[in-house]
Amino acid sequence: MAVLALFWGSGFLWIRIALQHGLTPVQITVLRAALGAAVLLLLACSARQRLPRGGALWRRLAVAAFFCNALPFLLTAYGERSVGSGTAGVLHATTPLWSLLIGLALGTDRTTGTDRTTGTDRTTGTDRTTPLRLTGLLLGFAGVLLILAPWRESGGISTSGALALLGAAASYAVAFAYMARALAGTGTAPLALSAAQLTAAAGLSAVALPAGGPLNPFSGFSGADPLGLAAVAVLGVACTGLTFHLNYRLIATEGPTSAATVGYLLPVVSTVLGALVLGERLTVRAVAGTAVVLAGVFLVKHRPKPRTVVPLLTD
């Protein structure tokens, strides 16, 4: 769990370093997806897991790759041009808040219960949006406002960068909702499915390369220096490819609850690394806002236990 939190949370640091050393957001996105896909392809091959087949599944993977990888990777890199890596990690932690908003908008935030007669799960129609979760939703976005401080005339955070980072968090929420419906139960092994998704993301991102500068190792990377290339290499291999693998292993060995706990560590890791490595200033307002956001996310993730559905007995 510690290694996963370190790899995942340090991704914001490596993006910031890559930007500072000559790489563009589009270049970072393409290299990150391509390197992550290469790692997962090797792991899938070693585990003898085959890539999915069939055009219908690949079309669904393309949609998932856009919302879960290509778009948020690009928005994150764009946002970090003007927002520190520590703040970027905190804004990314708002994904559960967006997930709840999507559930409310689509009416999908429902409780699943077990029918005692058939032993099967079925939706009871009971809304899981408890007052506690709604409080968490409001609290989380209040923490975001505290961090952004739009009322400050100077010393605040770039609006465009912050909106891009919040857009990345919202994109992840859209992706998770879509993937739960479109990719669950496909019969494809997890590593192979992830490798295929990141491969699709690399292809989608490459379409935007003409607008983001050349990406040819023989003609140069638009002024990128070795440190920038090393940063994006760590980002793609460790913070993207290996984190997928470690996350699956953690879920398999320790359960989804332990894996979900890592989400609370990511903004802490990004904030600490940003302060220690990049010298990003920690203000009382930023620390307080981070604590408020994490408290809101904790409440939003609290869900009532599934209720047992007791059938009515009639003559």
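Here, the structure is the one placed above.
A.B. asks: Just to check I follow, could you spell out the overall build of the protein chain for this structure?
C.D. replies: Assigned secondary structure in the protein chain consists of 13 helices and 3 strands. Per-residue burial over the protein chain gives 43% buried out of 315 residues. If you take every contact in the protein chain between residues at least 6 apart in sequence, the share linking residues at least 24 apart comes to 85%. If you sum the accessible surface of the protein chain, you get close to 15,600 Å²; carbon and sulfur atoms cover 65% of it.

A.B. asks: Any chance you could explain the nonpolar core here in plain terms?
C.D. replies: Looking at soluble globular proteins, one finds that nonpolar side chains tend to be buried together. Counting 22 residues, the largest nonpolar core has Ala18, Leu23, Ile28, Val232, Leu235 and Val262 as the members making the most contacts within it. Only helix H1 (2-9), helix H2 (11-20), helix H3 (25-46), helix H11 (226-254) and helix H12 (256-277) provide two or more residues apiece to this core. Contact partners of Leu235, with chain neighbours within four places excluded, come to Gly11, Trp14, Ile15, Ile28, Arg32 and Thr240.

A.B. asks: What's the story with the side chain of Ser194 in this structure? I'm lost.
C.D. replies: With respect to the helices and strands, the residue Ser194 is situated in helix H9 (residues 190-206). We classify Ser194 as buried; its relative accessible area is 4%. Not counting residues up to four positions away in its chain, the partners in contact with Ser194 are Leu40, Phe244 and Tyr248.

A.B. asks: What am I meant to see in the environment of Ser171 here?
C.D. replies: By secondary structure assignment, the location of Ser171 is in helix H8 (residues 159-182). On a C-alpha basis, the gap between Ser171 and Phe66 in space is 8.9 Å, while along the polypeptide they are 105 residues apart. Contact partners of Ser171, with chain neighbours within four places excluded, come to Phe67, Leu71 and Pro72.

A.B. asks: How do you make sense of helix H4 (residues 55-79) when you look at a structure like this?
C.D. replies: The end-to-end C-alpha separation of H4 is 34 Å, in line with the 36 Å expected for 25 residues at 1.5 Å each. For H4, the principal kink sits at Phe66 and spans about 45°. Residues of H4 that are buried in the fold lie against H2, H3, helix H5 (85-92), H8, H9 and H11.

A.B. asks: How should I be thinking about helix H6 (residues 95-106) in this particular structure?
C.D. replies: The α-helix advances 3.6 residues per turn, and as a result positions three or four apart in sequence lie on the same side. For H6, with 12 residues, the first-to-last C-alpha span of 16 Å sits near the 16 Å given by 1.5 Å per residue. By the burial criterion, the buried members of H6 are Thr95, Pro96, Leu97, Leu100 and Gly103. Tucked into the core, H6 has its buried residues touching H5, helix H7 (131-148), H8 and helix H13 (284-300). Gly107 occupies a position one or two residues after H6 and carries a positive phi of about 70°.

A.B. asks: Explanation requested: a nonpolar patch on the surface in the structure shown.
C.D. replies: A contiguous nonpolar patch, built from Val268, Val272, Leu276 and Val277 and spanning about 370 Å² of accessible area, is present on the exposed surface. Mapped onto the secondary structure, Leu276 falls in helix H12. Judged by its relative accessible area of 69%, Leu276 falls in the exposed class.

A.B. asks: How should I be thinking about the packing of aromatic side chains in this particular structure?
C.D. replies: The geometry of an aromatic ring pair is captured by the separation of the ring centres together with the interplanar angle, meaning the angle of the planes. All chains considered together, the criterion is met by 4 aromatic pairs. Considering the side-chain rings of Tyr172 and Phe176, the 6.2 Å spacing of their centres and the 25° angle between planes classify their relative orientation as stacked. One end of the pair is Tyr172 and the other is Phe176, both in helix H8 and 4 residues apart, which spans about a single turn. Look at Tyr172 and you get buried, because its relative accessible area is 13%. Judged by centre distance (6.3 Å) and plane angle (55°), the rings of Tyr264 and Phe298 are tilted. Of this pair, Tyr264 sits in helix H12 while Phe298 is found in helix H13, placing the two residues 34 residues apart along the sequence. Tyr264 sits in the partly exposed class, given a relative accessible area of 22%. Residue Phe298 is classed as exposed on the basis of its relative accessible area, which comes to 54%. Over the ring of Phe73 we find Arg32, and its NZ or CZ is 3.8 Å from the ring centre. The lysine or arginine in question, Lys301, covers the ring of Tyr264, its NZ or CZ lying 4.9 Å from the ring centre.

A.B. asks: Just checking my understanding: could you explain the packing of H2 against H5 for this structure?
C.D. replies: When two helices pack together, their arrangement is given by the angle between their axes and by how far apart the axes lie. It is at 9 Å that the axes of H2 and H5 come closest, and there the two elements cross at 135°. Put simply, H2 runs oblique to H5. Read as a crossing pair, H2 and H5 show a hand that is right-handed. Here Phe12, Leu13 and Arg16 of H2 lie close against H5, whose contacting residues are Ser85, Ala88, Gly89 and His92. In terms of residue class, the contact of H2 with H5 is made up of 3 nonpolar, 3 polar and 1 charged.

A.B. asks: How do you make sense of the environment of Ala64 when you look at a structure like this?
C.D. replies: Structurally, Ala64 can be placed in helix H4. When the C-alpha atoms of Ala64 and Ala200 are compared, they prove to be 9.0 Å apart, with 136 residues separating the residues in sequence. The contact partners of Ala64, leaving out residues within four places of it in the chain, are Asn69, Tyr178, Met179, Leu183 and Gln197.

A.B. asks: In this structure, what is going on with the side chain of Thr243? I would like to understand it.
C.D. replies: Checked against the element boundaries, Thr243 lands in helix H11. We classify Thr243 as buried; its relative accessible area is 5%. Among the polar contacts listed, one links the side chain of Thr243 to the backbone oxygen of Cys239, at a separation of 2.9 Å. Those residues in contact with Thr243, other than ones at most four positions away along the chain, are Leu4, Phe7, Trp8 and Ala238.

The rules behind each value
Residues numbered from 1 in each chain as written. Predicted model: local features only at pLDDT ≥ 70, side-chain atom pairs only at ≥ 80, totals over all residues. Heavy atoms only, no water. Helix = DSSP H or I, 4+ residues; strand = E, 2+ residues; numbered from the N terminus. Buried < 20%, exposed > 50% of the residue type's maximum accessible area, 1.4 Å probe, protein only. Contact = heavy atoms within 4.5 Å. Areas by Shrake-Rupley, 256 points an atom, 1.4 Å probe, with all protein chains shown as cover. Core = buried A, V, L, I, M, F, W, Y, C linked by side-chain atoms within 4.5 Å. Expected span 1.5 Å × (residues − 1). Bend = angle between axes of the 7 residues up to and from the residue. Patch = residues over 30% accessible without salt bridge, like charges linked within 9 Å, V, L, I, M, F, W, Y side chains within 5 Å. Salt bridge = Lys/Arg side-chain N within 4 Å of Asp/Glu carboxyl O. Phe/Tyr/Trp six-rings, centres within 6.5 Å; stacked < 30°, edge-to-face > 60°. Lys NZ or Arg CZ within 6 Å of the ring centre and 35° of its normal. Axes fitted to C-alpha atoms, helices over the stretch in contact; angles between N-to-C directions. Parallel < 35°, antiparallel > 145°, perpendicular 65-115°, else oblique. Left-handed = near helix turned anticlockwise from the far one by under 90°. Nonpolar A, V, L, I, M, F, W, Y, C, P; charged D, E, K, R; others polar. Polar contact = N/O pair within 3.5 Å; in protein donor to acceptor, adjacent residues only side chain to side chain.

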